[in-house]
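The primary structure of each chain is shown beneath.
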Amino acid sequence: MSAALQSQAPEPADFRKAMGSFAAGVTVVTACHEGRLVGTTVSAFSSVSMDPPLVMVCLKRDSRTLAAVKPAERFCVNILAREQGDLAYRFAKSGADDRFALTAVEAGVCGAPLLAGCVTAIECALHAVHDGGDHEILVGRVLRVTTDETKAPLVYVRGGFLDT
Ligand SMILES: Cc1cc2nc3c(=O)[nH]c(=O)nc-3n(C[C@H](O)[C@H](O)[C@H](O)COP(=O)(O)O)c2cc1C
C-alpha cells in the first residue's frame, strides 16, 4: 500500500464508530465438531450469491467457533429475534460458560444446531475461506433455510440493540 493511502487510514475508534452507524441483524453462528456444540454471536453476515445460494460470515482469527467450523465444514446461521438480545450477549461472552445451557436446540440437516426461537436458520456447507485481515471470511453454500415470518429480527446499531 502506498504511503499516501496509509496516511488516510482511520483511527480504530473512528472506524468502529463509522461501522456502528450501519444497522445490522444479529446472528449466532453454530457448529458441531467431534460431538461438541460451539456457537458465537456474529453481526458480520451477508448474502453473497443467489445461484448458487451463498452467504458469508466474518469471524475473528482467534474465535473458537471459527476453529470448529473449519474442520466441521458445516455451520448454521441463526438469525436472532427482537427478544433475543440476552442470547446475543451470552453467545458473545468469553470464558468457559456453557452458552447452550439455557437454550433449546435441534439438530439440523448438516449437524449444526438450530437455536429455538430464532427468526431464521440458514444451514450451510463450508464453500470457501478467505483472508479478512484480523478476521476470516467463511462462505457457506446454503443447504436449507427455515423462517418464522411471525417474528421480528433483532437489530444492532451504534453498539446497542434497536428498541423497535
Ligand atoms: C452484537 C455482537 C456482534 C458481534 N459480531 C461479531 C462478528 O461479526 N464477528 C466476530 O468474530 N465476533 C463478533 N462478536 C464478538 C464475538 O461474539 C465474541 O468475540 C465471542 O466471545 C467469540 O467467541 P468464540 O471465541 O467462542 O467464537 C460480536 C459480539 C456482539 C455482542
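Scroll up a little and you will see the structure.
Note that the coordinates shown come from a computational prediction; the quantities given were computed from them, not determined experimentally.

Parameters and conventions
Residues numbered from 1 in each chain as written. Predicted model: local features only at pLDDT ≥ 70, side-chain atom pairs only at ≥ 80, totals over all residues. Heavy atoms only, no water. Helix = DSSP H or I, 4+ residues; strand = E, 2+ residues; numbered from the N terminus. Polar contact = N/O pair within 3.5 Å; in protein donor to acceptor, adjacent residues only side chain to side chain. Contact = heavy atoms within 4.5 Å. Near = heavy atom within 4 Å. Buried < 20%, exposed > 50% of the residue type's maximum accessible area, 1.4 Å probe, protein only. Arc of directions from axis to C-beta. Core = buried A, V, L, I, M, F, W, Y, C linked by side-chain atoms within 4.5 Å. Phe/Tyr/Trp six-rings, centres within 6.5 Å; stacked < 30°, edge-to-face > 60°.

Enquirer: In this structure, what is going on with the side chain of Thr27? I would like to understand it.
Expert: Tracing the backbone through its elements, the reader meets Thr27 in strand E2 (residues 27-33). For Thr27, the side chain forms a polar contact with the main-chain oxygen of Val42, separated by 2.7 Å. Residues within four places of Thr27 in sequence aside, it is in contact with Thr40, Thr41, Val42, Phe45, Val77, Asn78, Ile79 and Leu80.

Enquirer: Just to check I follow, could you spell out the site of the ligand for this structure?
Expert: Taken together, 16 residues surround the ligand, and among them Lys60, Ser63, Arg64, Thr65 and Ala92 come closest. Side-chain polar atom of Ser63 to an oxygen atom of the ligand: 2.7 Å apart, as the coordinates give it. Mapped by element, the contributors of at least two residues to the shell around the ligand are strand E3 (36-42), strand E5 (54-60) and helix H3 (64-72).

Enquirer: Explain H3 to me, please; I cannot follow it from the model alone.
Expert: Along an α-helix, residues three or four positions apart point the same way, because every turn accommodates 3.6 residues. All of the buried residues in H3 are Thr65, Leu66, Ala68 and Val69. Buried residues of H3, seen end-on, are gathered within an arc of 165 degrees and therefore sit on one face of the element. Packing partners of the buried residues in H3 comprise E2, E3, E5, strand E6 (74-79), strand E9 (120-132) and strand E10 (135-147). Between the side-chain oxygen at the start of H3 and the backbone nitrogen of Thr65 there is a gap of 3.1 Å, and the oxygen is on Ser63.

Enquirer: So what exactly am I meant to see when it comes to the nonpolar core here?
Expert: A general feature of soluble globular proteins is that nonpolar side chains tend to end up buried together. Formed by 19 residues in total, the largest nonpolar core has its most connected members in Val29, Val57, Phe75, Val77, Ile122, Cys124 and Leu138. Looking at this core, the elements with two or more residues in it are E2, E3, E5, H3, E6, E9 and E10. Setting aside residues no more than four positions away along its own chain, Phe75 makes contact with Val29, Thr30, Val57, Val69, Cys110, Ala112, Ile122, Glu123, Cys124, Leu126, Val139 and Gly140.

Enquirer: Please explain the packing of aromatic side chains as it appears in this structure.
Expert: Aromatic ring pairs: the centre-centre distance and the angle between the two ring planes describe each pair. For the structure on display, the rule yields three aromatic pairs. Ring centres 5.0 Å apart and planes at 90 degrees place the aromatic pair Phe91 and Phe100 in the edge-to-face group. Given the relative accessible area of 11%, Phe100 is considered buried. Both rings, one in Tyr156 and one in Phe161, keep their centres 5.5 Å apart while their planes meet at 55 degrees; by these two values the pair is tilted. A relative accessible area of 31% means that Tyr156 is categorised as partly exposed. The class for Phe161 is partly exposed, based on a relative accessible area of 24%. An aromatic cluster of three or more residues is present, and its members are Tyr89, Tyr156 and Phe161.

Enquirer: Please explain unusual backbone geometry as it appears in this structure.
Expert: When glycine is set aside, most residues are seen to have a negative phi, and most peptide bonds are trans. Omega for the peptide link from Asp51 to Pro52 comes to 5 degrees, which places this bond in the cis form. For Glu34, which is not glycine, the phi torsion reads 50 degrees and is therefore positive. If you trace the backbone, Glu34 turns up in the loop between E2 and E3. Although it is not a glycine, Arg158 sits at a positive phi angle of roughly 50 degrees. You can see Arg158 is positioned in the loop between strand E11 (155-157) and strand E12 (160-161). When its relative accessible area of 69% is taken as the criterion, Arg158 is described as exposed.

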